[in-house]
Amino acid sequence: MQNAYFVTSSIAGGKSSFIKIVQNLGFDTLSADVIAHELLNENANFISKLFNNDDLIIAGKIDRKKLGAIVFNDLNAKKKLEDFLHPKIKEAILQKAQILDKKNKAFFIELPLFFENNHYQNLGKSILIYTPKELLLQRLMQRDNLDENEALKRISLQLDIEEKLKKADFVIKNTSGYENFEKNVLNFLKHTLKVEK
């Protein structure tokens, strides 16, 4: 796809902030997380059976906090969920992305695990939102009200940010507050994508 840019980072790295900024500028966006949440709810009964746990469903929807507590603490459970969800997420992303690609304008796909799974590498360019590990840790502890061990465990489930840095097509730094990050995004759009907004 000529016009697809996959936006990735580590957990709490700033993907969602990037997506909000470009949405406000009128760009089309897709989110693997949003698609995943829709798929979780559409398949709530199957997932509760997969983990043999009826408590995962509340008011017909998956309780993501309870599911997170299971998969973040058990690699086998995480793999079981990913084996079910990832092919469905990819199919949905491709369907929607092919429609957007026909507009012949840059669009952005928020994909946390871009480098962790190899299904998307040839479909577009990658943009890494870069935040050093110490800062990621602080932000994640604050955002999700986690202790240091729990936050480190979640960060360690993804490829190290410095490894992602080596692989990315483009890098936007998110190291010193929202206003500076927004400036960095606008500079990227202007100088790298040659988009004036």
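Residue positions are counted from 1 within each chain, in the order its sequence is given. Only residues with pLDDT of at least 70 get local features here, since the model is predicted, and only at 80 or more are side-chain atom pairs given and counted; chain-wide, interface and lining totals rely on the full set of residues. With hydrogens and water excluded, all non-hydrogen atoms of the structure serve as input to the side-chain values.

## Observations regarding the nonpolar core
Then step 1. Here the nonpolar core consists of buried residues drawn from Ala, Val, Leu, Ile, Met, Phe, Trp, Tyr and Cys, with membership extended through side-chain atoms lying within 4.5 Å. Throughout this description, buried means an accessible area under 20% of the type-specific maximum (1.4 Å probe, protein chains only), exposed means over 50%, and partly exposed covers the range between. Core analysis: the largest hydrophobic core is formed by 42 residues, its most contacted members being I47, F51, L67, L81, I89, I93 and I109.
Then step 2. Helix and strand labels come from DSSP, where a helix needs a run of H or I of at least four residues and a strand needs a run of E of at least two; each type is numbered from the N terminus. In terms of residue count, the dominant contributor to this core is helix α5 (residues 75-101) (nine residues).
Then step 3. In what follows, a contact means two residues having at least one pair of non-hydrogen atoms within 4.5 Å. Ignoring anything within four residues of it in the chain, the contact list for L81 reads L40, I47, F51, L67 and V71.
Then step 4. With 18 residues, the next largest nonpolar core counts F18, F108, I129 and L193 among its residues.

## Concerning unusual backbone geometry
Then step 1. Of note in the backbone geometry, A59 takes a positive phi value of approximately 50° without being a glycine.
Then step 2. By secondary structure assignment, the location of A59 is in the loop between β3 (57-58) and β4 (61-62).
Then step 3. For A59, a relative accessible area of 81% corresponds to the exposed category.
Then step 4. Look at N145: it is not a glycine, yet its phi comes out positive at around 55°.
Then step 5. Summarising the element assignment, N145 is placed in the loop between α6 (133-144) and α7 (148-156).

## Description of α7
Then step 1. Of all the residues in α7, the buried ones are A151, R154 and I155. Looking straight down α7, one finds its buried side chains confined to an arc of 100°; they lie on one side. Residues N149 and S156 are exposed on α7 and point more than 90 degrees away from its buried face. In this description, one arc is meant: the one made by directions from the helix axis to the C-beta atoms.

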